[in-house]
Protein chains: 2
Amino acid sequence: MTTTVYTVQGMTCGHCVSSVKEEIGEVAGVTGVDVDLATGRVTVSSDGPVGDAEIRAAVEAAGYEVADPA
Amino acid sequence: MTTTVYTVQGMTCGHCVSSVKEEIGEVAGVTGVDVDLATGRVTVSSDGPVGDAEIRAAVEAAGYEVADPA
């Protein structure tokens, strides 16, 4: 199993969390999505490697942005 | 037509607005709901008088609170 952590900006409530989880959950290979609203930390579990671009696109489809690593 | 204005606390995003609109829209007699996210101002239009208690209950069902008049 592969686990990748992203930071998502702009989520303000539980509805936002649900939207992000739903969109990322639809990416092929993704088996689990955990979101911490307070920090924006999104942990994506998958069967194997999943492209960053696909995760970013899913987050953007939900209406949010992945923060670039500092 | 009757128009009543409430202030709803706790809405943070467009999803919150949608939830409040949906719940209030299901109250019998309500014909329209307009929400301003920035101010929390919710304008309810109805065919006739609608009970405050029913609007408050709808807002609470959506997960928010009506602010008491100052």
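Heads up: the structure comes first, above all this text.
Residues numbered from 1 in each chain as written. Chains lettered and ligands numbered in written order. Predicted model: local features only at pLDDT ≥ 70, side-chain atom pairs only at ≥ 80, totals over all residues. Heavy atoms only, no water.

Visitor: It is not clear to me how the interface of chain B and chain A should be interpreted in this structure. Could you clarify?
Guide: Accessible area lost upon the coming together of the parts is a frequently used measure of interface size. Contacts between the two partners involve six residues from chain B, matched on the other side by six residues from chain A. For chain B, the biggest contributors to the area lost against chain A are Thr12(B), Cys13(B) and His15(B); these three give 77% of the whole. For the interface between chain B and chain A, the tally reads four residue pairs in polar contact (both at pLDDT 80 or more). Grouping the amino acids of the side of chain B that touches chain A by side-chain chemistry returns three nonpolar, three polar and no charged. (Contact = heavy atoms within 4.5 Å. Buried area = accessible area lost by both parts, 1.4 Å probe. Polar contact = N/O pair within 3.5 Å; in protein donor to acceptor, adjacent residues only side chain to side chain. Nonpolar A, V, L, I, M, F, W, Y, C, P; charged D, E, K, R; others polar.)

Visitor: Is there a simple way to think about the nonpolar core in this case?
Guide: What tends to happen in soluble globular proteins is that the nonpolar side chains get buried as a cluster. Ranked by internal contacts, the top residues of the largest apolar core, which has 42 residues, are Ile24(A) and Ile24(B). If sequence neighbours within four positions are ignored, Ile24(B) has contacts with Val30(B), Val33(B), Val42(B), Val44(B), Ile55(B), Ala58(B) and Val59(B). (Core = buried A, V, L, I, M, F, W, Y, C linked by side-chain atoms within 4.5 Å. Buried < 20%, exposed > 50% of the residue type's maximum accessible area, 1.4 Å probe, protein only.)

Visitor: What is the right way to read the sheet that holds strand E1 (residues 2–9) of chain B from this model?
Guide: Hydrogen bonding along the main chain pairs the strands of a sheet, whether they run parallel or antiparallel. All names here are of chain B. Strand order in the open sheet formed by four strands is E2-E3-E1-E4, and the pairing between neighbours is antiparallel. Across the chains shown, the open sheet's two edge strands, defined by having one partner strand only, are strand E2 (30–36) and strand E4 (65–66). Taken together, the six bridges between E2 and strand E3 (residues 41–46) define a ladder with antiparallel strand orientation. In the strand pairing of E3, Val30 is matched with Ser46. Across the sheet, helix H1 (residues 14–25) lies against E2 and E3, angled at about 160° from E2, the strand it touches most. (Pairing = 2+ DSSP bridges. Helix = DSSP H or I, 4+ residues; strand = E, 2+ residues; numbered from the N terminus. Axes fitted to C-alpha atoms, helices over the stretch in contact; angles between N-to-C directions.)

Visitor: Before we go on, may I ask you to explain the packing of helix H1 (residues 14–25) of chain A against H1(B) in this structure?
Guide: Helices that pack against each other are described as a pair by the angle of their axes relative to one another and the distance between those axes. At a minimum axis separation of 8 Å, H1(A) and H1(B) run at an interaxial angle of 110°. The angle between H1(A) and H1(B) falls in the class roughly perpendicular. On H1(B), the residues touching His15(A), Cys16(A) and Ser19(A) of H1(A) are His15(B), Cys16(B) and Ser19(B). Taken together, the residues that form the contact of H1(A) with H1(B) break down as two nonpolar, four polar and no charged. (Parallel < 35°, antiparallel > 145°, perpendicular 65-115°, else oblique.)

Visitor: I keep staring at the packing of H1(B) against helix H2 (residues 52–62) of chain B and nothing clicks. Help me out?
Guide: All names here are of chain B. Taken N-terminus to C-terminus, the directions of H1 and H2 make an angle of 140°; their axes are 8 Å apart at the nearest point. Between H1 and H2, the angle is such that the two are oblique. In this structure, H1 crosses over H2, and the sense of that crossing is right-handed. From H1, Ser19, Val20, Glu23 and Ile24 reach across to H2, where they touch Ile55, Ala58, Val59, Ala61 and Ala62. Of the residues in the contact of H1 with H2, the class split is seven nonpolar, one polar and one charged. (Left-handed = near helix turned anticlockwise from the far one by under 90°.)

Visitor: Any chance you could explain the pattern of salt bridges here in plain terms?
Guide: Pairs can form between side chains of opposite charge once their charged atoms are near each other. All names here are of chain A. Per the counting criterion, the structure on display carries two salt bridges over all chains. Among the ionic pairs, Arg56 bridges to Asp68, the shortest N-O distance being 3.3 Å. Placement of the pair is Arg56 in helix H2 (residues 52–62) and Asp68 in the segment after strand E4 (65–66), with a sequence separation of 12 residues. Asp68 gets classed as exposed once you look at its relative accessible area, which sits at 60%. (Salt bridge = Lys/Arg side-chain N within 4 Å of Asp/Glu carboxyl O.)

Visitor: Where do I start with H1(A) in this structure?
Guide: Each α-helix winds once per 3.6 residues, and so residues spaced three or four apart point in a common direction. If you check H1(A), its first and last C-alpha atoms are 16 Å apart, about what 12 residues at 1.5 Å a residue would give, namely 16 Å. Residues of H1(A) that are buried include every one of Cys16(A), Val17(A), Ser19(A), Val20(A) and Ile24(A), and no others. An end-on view of H1(A) places all buried positions within 160° of arc, on one side of the element. Against strand E2 (30–36), strand E3 (41–46) and H2 of chain A together with H1 of chain B lie the buried residues of H1(A). (Expected span 1.5 Å × (residues − 1). Arc of directions from axis to C-beta.)

Worth remembering: the numbers are spatial, not functional.
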